[in-house]
Amino acid sequence: MPDVQSMVVEFVNKLRKRKIEGSQATAKYTVELLRSVISQHRVPHANQAAALIDAVKAVGEQLVAANPVELAVGNVVRRVLHIIREEDLSLTTAAMAGLDLLDASDDDDEDNCKGIGYPAMSAAVVAAARSTLRPPSLQTLLEGTPESATVPYTSSSGADSESKTADKSSITRKLKHDVIEGVNQLIHEIAGCHEQIAEQAIEHIHQNEVILTLGSSRTVLEFLCAAKEKKRSFRVFVAEGAPRYQGHLLAKELVARGLQTTVITDSAVFAMISRVNMVIIGAHAVMANGGVIGPVGVNMAALAAQKHAVPFVVLAGSHKLCPLYPHNPEVLLNELRSPSELLDFGEFSDCLDFGAGSGSPLLQVVNPTFDYVPPNLVSLFITDTGGHNPSYMYRLIADYYSADDLVM
Amino acid sequence: MESRRNPRAVVDPKVRQVGFFTSSQPDSTQQQQQQPDPIASASSPPVSTISPSGNSLSPVMIPPPRHNSSDTFPLRGAAAAAASAVSPSSFSYSSRRDFPDGSMTASPGRVSRGSFIKSYVPVASSLPGVGIDSMAAAKSSSVPATGLTTVSVVNMPPGLSEEVQSDQKNNSKSLKEKTTKAERRALQEAQRAAKAAAKAEGGGKVPPVTSGSVAGTSVKAAKTAKPTSQKNDVVVAAGPSEKKGGPSEKDRKKDAPHPRMQYDDESRVVKAKRRAVVKQTEAKNRVELFRHLPQYEHGTQLPDLETKFFQLDPMHPAVYKVGLQYLSGDISGGNARCIAMLQAFQEVVKDYSTPPEKTLNRDMTAKISSYVSFLIECRPLSVSMGNAIRFVKNRIAKLPITLSESEAKAALQSDIEMFINEKIIVADNVIVKHAVTKIRDGDVLLTYGSPTAVEMVLLRAHELRKKFRVLVVDSRPKLEGQLLLRRLIKRGINCTYTHINAISYIMHEVTKVFLGASSVLSNGTVYSRVGTACVAMVANAFRVPVLVCCEAYKFHERVQLDSICSNELGDPNAISKVRGREDINYLDGLTNNANLQFLNLMYDATPSDYISMIITDYGMVPPTSVPVIVREYQKEHVLV
C-alpha cells in the first residue's frame, strides 16, 4: 500500500508541476498507476467491485485535481471504473447463468448461497447490468437507481460469505484478474491508437495533397508518415505555433521521415489556407458535444478552413474522448502559461503585475495553452475506431464510459 | 478577465453609419466652422472662376453626379473640396513647416518609425492653426485639376496644345482609368475651357507673387506668371518639346511591370539581374507556390553594398542610403518608407543639373526610374511608394517646358513636399480625427502589429482622456507589436499583449478592432501585414467591428483575391531561428535540407466582408466604396 501511495503522490506532483505533458503520456501514466493501485489493493471478501471502484475513485480524484485541464486523466479513470463495473457484471451474470444451468452439479455451499441471496436480488442485478451496459435510458431511470441496486447485492453476498472463504477468495481473484486484464487491454489500446489511426491515413490523403497542420502531435506525425510510406507524395505546411514552437518540433520529425515540409508563421495561416486541401490536427481532448480542445491557434485555423471550405480533420485516440459537455471551454478548460515566453521580463518588469497587487498593472500578458474549436467547424473525427461526425461523439462516449462515473 | 463580455447589444451601432466626410453631423458642421474664413473664400475663387465643365474634373466631388450640368453643382463641389482639403489644417498645419526641414531631413541615419511619429505628432497637436500662409499654399495646391492644365496649355506654342491634350489623354488611358466616351469629352472640354480661362488670365498678367504669401493667389498662378516673362530664354531649350509626351509614357510602361515582375519568368529575371546593382543571391530552398516572387538570401549583400557607397556614381547618395535602409529593415512601414523615398527624391532634385543635350523632363524621369529600380532591388515597392512615384513622374512630365531649370527644380521640390504633407501627414491627422470619434469610454480595442495610423489614433484618444484598454496582438517573426507596446505603455495606456494564436481567447473582451493597411485594393481587399486577415476573420466570427485606418494615397486600382499571386517574401531564416529563445533550436542544421522550406510571407489580403469600415482622409467609408475613392483619387493624381 505505501508504495502505491507514494507513486500516486509522485504522479500527482508531476501533474501539478506540469512535468508530464501531452494527453497520451498522461493517459499512459495514469492507467499504469491505476493498474498497480488495483493489483495492490487488498480487496475485502465482500463487495470487491465496490471496494475497487472506491479505491480507483479516490486515486482518480487526486489525479484530476492535480491537473484539471488534463482531461485525459479523468477519461482514463472513468474508463478503468467502467472496466471494473463491466467485469463485475459479467462475473455475476456468468455466476447466475452457471447457477441456473448447473444447479445440481454444484457443491452445497453454492446451493446455499443461491437459496438465500440470489432470488432476492436477481432483479437488482439485472437492473445494475442494464445501467452499466446501457447507460442513461428511460428504462434504467424507471427501474430505480443503480446505486441502490448494487448495495443489497453486495451486502447480501457479504452476509453469507463467512462460511465460504475459500470460494470467495477465488471469485475475488477472478474479478481482480479480469479487471487487470481489462486495464492491460486499455494500456495496449492507448499505446496502439497511433497505429490504428494511421492505418486509415491512406483513405484520406491523396496524391499531391497539401495538408496544413499545427501543434506537435504524435498522432498526426504517424498519420502523415503512414500515408508517406504508402508512396503517396504530398506536401505539409506546418504552422510554428508561436510561444511554444511545437510546429518546429513536428517539422523536424517530418523532415527526418522525408516528407516535403514547409514551416509557416502562425499569421500566414489565413494566407495559405486557400491553397490547402485539408487541415489535420491532433486534439488535446474531444468533448461530448464534438467540440475540440487543441493547441492554441487551432480555432483560427478552423475558421479559416471553414471560410475556404477546407476539410478540418481531427485525429484523436479514444482516451481523448471526454464525456463532459464543455461550458465556456476557452476559459475554464484553458491554462495560462508564463509571460516570459512572449516578452522578456527585464524590459517590461516595472509594468507587469507580479501578483503583488501594487495598483493596477499597465501591462498584462496573455499566453493561453489551448484553444477550443466548436463542433460546427470540425468536418471529421478520426479515432481508432474509425471516422465519425462531431454529432456522433456523444454516442461513442456512451460506449466507453458508464453513466455513474460521469461525475466523479 | 473574470467578467467576460457584456451582452453584444452594447456595441456601438454607429459603426455602421459610414459616410464620406465625418461620422456625425455635429462633427462635420464643426469642421466647417473651424475652417478659417479667409481660406474658404480664398479657395473658392480659382475653382469657381473657371467654367463648370472644368470643375467636373474636381477630385472631390464624391459621390459625383457624372454629367451634372446644373449651375449650382460646381460651387457645391468646391465647397466640398474646401471642406475635405482644408479641414485637417484646422489643427495641424503648422507642422508642415517645422517638420520636413527640421527633424526629418536633419536625421540622416535611421529614420525609425518611432522617431518619425514623435517628431510630428506633438507639433501638430500643440500649435493649432498657426501659419496661415503655409496653409494657404497647401490649400491652393490642393485645389485640383485646373491649375496644372492651365499652366501646360498656356505655355505651349499654339501648335503643341493638341499634342499636350492627346498626351494627357494617353496618360489617363495608360493609367487604366476606364473613361467613358462622355468622360473623355468632358476632359477635352475641360482642357479647352481651362485654356481659354488661362489665356485670359495669363494675358492679363498675374503679378509674380512670392509663393503663398497672398491667400488669394495660388502657387500655380505664381508659377505660370514667371515663365511667361522668361519664355524667350526657355524656348530654345524647349526645342524638341514635341517629344515631351514620349518619355513619360515610355517610362510608365517601363515602370509598370517592375513591381509585379514574375520571377518564374527566367528570361526576364536574367535580364533584370544584368542591370541590378544589388547582387542578391537567390535563396536555395524555395517554396514551390511562390516561384513568381523574388526570394533572396538576406543579410549577405549589405556589407558589400556599404563598401560600394563611394564608388557608385550613377546613384545619388540619398537614394542609395534609403535603399540600404530598406534592405536592412531600418525603415519599415508604408508611410515611413514612402516619406524616406520622397525625401531622397527631393535631394535628387536639389542636386540635379540637366546634362547637356538633354531635357530636364526626360532625363529626370529616366533618372528617377533607375533609382526606383534600385529601390526595388533593395526591397519590393509598396503600393504607397508606387503611387508616390507615379505622382513624382507625373509632375516631372507635366513640368512646363518653359520653366528654367532652377524653377522646375523648386517646383518639383515643393510638389514632393506637398505630397508628403498633404497625402501622408495631414491625411493621418484627418484619420485620427475621424477614428477618435469611434472610441468610447470603456472600450477594449484590439490592434495587430504596429500600424502608425492606429497608434496615432490611440495616443490621441488617450490625450482626450478617453478610458480604454488596448490589446496588442503580435506575431512572429517581426514582433512589431512589442515596439508599439513599448510606446503605448510609455504614454500610460493600459495594454494587454499576446500572440496571434491566442486571438480567439482574447477576442471575447474586444469591442473594436483597429487595423492598419499597407494598401487597400479596389475590390475592397485590404492588403496588409500578414496576420491581419486572421485577426479580421476572428473578429468577424465574434461579431466585433473591424475598422481599418488607411490613407487614401495607399489605395490602388488593382484587385486581388488571395495572398499568393502578389506578395513579398521575407527572410526565411527569420523563421527557423527564434530570437531570444535559445531553447527553441529544433530546426538548427536543417535549413539546407531539401525537404524543408521556410515561408516568411510579409503581407496578406483580407477579404472585404470582414471589414466593417475603412477610415481614410476622405472620411469613413465601407469597403465597397473603395473603387469610388480610387477613381476620384486617381483623377486627382493625374491632373493636379
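Just so it is clear, the model here is predicted, and its values are computed rather than measured. (Residues numbered from 1 in each chain as written. Chains lettered and ligands numbered in written order. Predicted model: local features only at pLDDT ≥ 70, side-chain atom pairs only at ≥ 80, totals over all residues. Heavy atoms only, no water.)

Enquirer: Lay out empty space enclosed by the protein with the relevant residues and their values.
Expert: All names here are of chain B. Applying the stated criterion across every chain, the model contains 14 cavities of 30 Å³ or more. Here the largest cavity defines a volume of roughly 340 Å³. In this structure, the largest cavity is lined by 27 residues; those nearest its centre are Gly 333, Gly 334, Pro 451, Ala 517 and Ser 518. For the lining of the largest cavity, the secondary structure elements donating two or more residues are helix 7 (113-126), helix 17 (334-351), helix 21 (452-463), strand 4 (512-516) and strand 6 (526-529). Take the lining of the largest cavity: its biggest share by element is four residues, from helix 17. Counted by class, the lining of the largest cavity contains nine nonpolar, eleven polar and seven charged residues. (1 Å grid on protein atoms, 1.4 Å probe; cavity = no way out; pocket = protein on both sides within 12 Å on 5 of 7 lines; lining within 4 Å. Points joined across faces, edges and corners; volume = space filled by probe spheres on them. Helix = DSSP H or I, 4+ residues; strand = E, 2+ residues; numbered from the N terminus. Nonpolar A, V, L, I, M, F, W, Y, C, P; charged D, E, K, R; others polar.)

Enquirer: I'd like a rundown of the nonpolar core, residues and numbers included.
Expert: If you look at the biggest cluster of nonpolar residues, it comprises 138 residues, and the most contacted ones within it are A:Phe312, B:Phe345, B:Leu446, B:Met507 and B:Val513. Counting residues per element, this core draws most heavily on helix 17 of chain B, which supplies ten residues. Ranked by size, the runner-up nonpolar core spans 36 residues in total, among them A:Phe11, A:Ala66, A:Ala72 and A:Val80. (Core = buried A, V, L, I, M, F, W, Y, C linked by side-chain atoms within 4.5 Å. Buried < 20%, exposed > 50% of the residue type's maximum accessible area, 1.4 Å probe, protein only.)

Enquirer: Requested: an account of the sheet that holds strand 8 (residues 555-556) of chain B, with residues and values cited.
Expert: Residues and elements named next belong to chain B. Pairing within the open sheet is mixed, and its four strands lie in the order 8-5-6-10. The open sheet has two edge strands, strand 8 and strand 10 (603-606), and neither has a second partner. Relative to strand 10, strand 6 runs antiparallel, the two being bridged by four bridges. Following the sheet pairing, Tyr 527 is matched in strand 10 by Ala 605. Each of strand 6 and strand 10 touches helix 24 (residues 532-541); the most contacted strand, strand 10, lies at about 30 degrees to it. (Pairing = 2+ DSSP bridges. Contact = heavy atoms within 4.5 Å. Axes fitted to C-alpha atoms, helices over the stretch in contact; angles between N-to-C directions.)

Enquirer: An account of helix 2 (residues 23-40) of chain A is needed here, citing residue identities and associated values.
Expert: Between its first and last C-alpha, helix 2 of chain A extends 26 Å over 18 residues, near the 26 Å set by a 1.5 Å rise per residue. If you check which residues of helix 2 of chain A are buried, you get A:Ser23, A:Gln24, A:Thr26, A:Ala27, A:Thr30, A:Val31, A:Leu33, A:Leu34, A:Ser36, A:Val37 and A:Ile38. (Expected span 1.5 Å × (residues − 1).)

Enquirer: Tell me about the pattern of salt bridges, residues and numbers included.
Expert: Residues and elements named next belong to chain B. This structure, assessed with the given rule, holds 22 salt bridges over all chains. Residues Glu 463 and Arg 460 are paired through a salt bridge, measuring 3.0 Å at the closest nitrogen-oxygen approach. In this pair, Glu 463 and Arg 460 both sit in helix 21, three residues apart, roughly one turn of the helix. One salt bridge connects Arg 529 with Glu 480, and the closest N-O pair in it is separated by 2.9 Å. (Salt bridge = Lys/Arg side-chain N within 4 Å of Asp/Glu carboxyl O.)

Enquirer: An account of the sheet that holds strand 6 (residues 292-295) of chain A is requested, with residue identities and associated values reported.
Expert: Remark on secondary structure: sheet strands pair via backbone hydrogen bonds, oriented parallel or antiparallel. All names here are of chain A. Taken in spatial order, the three strands of this open sheet run 5-6-9, and their pairing is antiparallel. The open sheet terminates on both sides in strands that have one partner only, identified here as strand 5 (285-286) and strand 9 (370-373). As defined by bridge partners, strand 6 adjoins strand 9 across four bridges and the pair is classed as antiparallel. Counterpart to Ile 293 in the pairing with strand 9 is Tyr 372. Running at roughly 30 degrees to strand 9, helix 14 (residues 298-307) makes contact with strand 6 and strand 9 of the sheet.

Enquirer: If you had to explain the packing of aromatic side chains to someone new, which residues and values would you point to?
Expert: All names here are of chain B. A complete count under the given rule lists six aromatic pairs over all chains for this structure. Between Tyr 320 and Phe 374 the ring centres are 5.3 Å apart and the planes differ by 15 degrees, which places this aromatic pair in the stacked class. Residue Tyr 320 is found in helix 16 (residues 317-328), and its partner Phe 374 is found in helix 18 (residues 360-378); the two are separated by 54 residues along the sequence. Judged by relative accessible area, which is 1%, Tyr 320 ranks as buried. Look at Phe 374 and you get buried, because its relative accessible area is 1%. A centroid spacing of 5.0 Å and a plane angle of 25 degrees characterise the contact between Tyr 527 and Tyr 603, whose relative ring orientation is stacked. With Tyr 527 in strand 6 and Tyr 603 in strand 10, this pair connects stretches of sequence that are 76 residues apart. The exposure class of Tyr 527 is buried, given its relative accessible area of 6%. By way of ring pairs, the aromatic residues Phe 391, Phe 419 and Tyr 553 are connected into one cluster. Note that Arg 337 overlies the ring of Tyr 326, its terminal NZ or CZ placed 5.4 Å from the centroid. (Phe/Tyr/Trp six-rings, centres within 6.5 Å; stacked < 30°, edge-to-face > 60°. Lys NZ or Arg CZ within 6 Å of the ring centre and 35° of its normal.)

Enquirer: Go over the confidence of the model for chain A, please, and point to the residues and values.
Expert: Residue and element names in this part refer to chain A. Confidence in the prediction of chain A, expressed as mean pLDDT, is 80, and 78% of residues score 70 or more. The low-confidence segment residues 104-120, where pLDDT is below 50, has 13 contacts with residues more than four positions distant or belonging to other chains. In this model residues 145-165 is a low-confidence stretch, pLDDT under 50, and it forms 18 contacts with partners more than four residues away in sequence or in other chains. (pLDDT = per-residue confidence, 0-100.)

Enquirer: Tell me about the pairing of strand 3 (residues 494-499) of chain B, and please be specific about residues and values.
Expert: Burial of strand 3 of chain B is extensive: five of the six residues sit out of reach of the surface. With three bridges connecting them, strand 8 (residues 363-365) of chain A and strand 3 of chain B associate as parallel partners. Bridging from a neighbouring strand, A:Val365 pairs with B:Tyr497 of strand 3 of chain B. Where strand 2 (residues 468-474) of chain B and strand 3 of chain B come together, six bridges link them in parallel fashion. Bridge pairing links B:Arg469 to B:Asn494 in strand 3 of chain B. Taken together, strand 2 of chain B, helix 22 (residues 480-490) of chain B and strand 3 of chain B form a β-α-β motif whose crossover is right-handed. (Right-handed = clockwise from strand over helix to strand, strands pointing away.)

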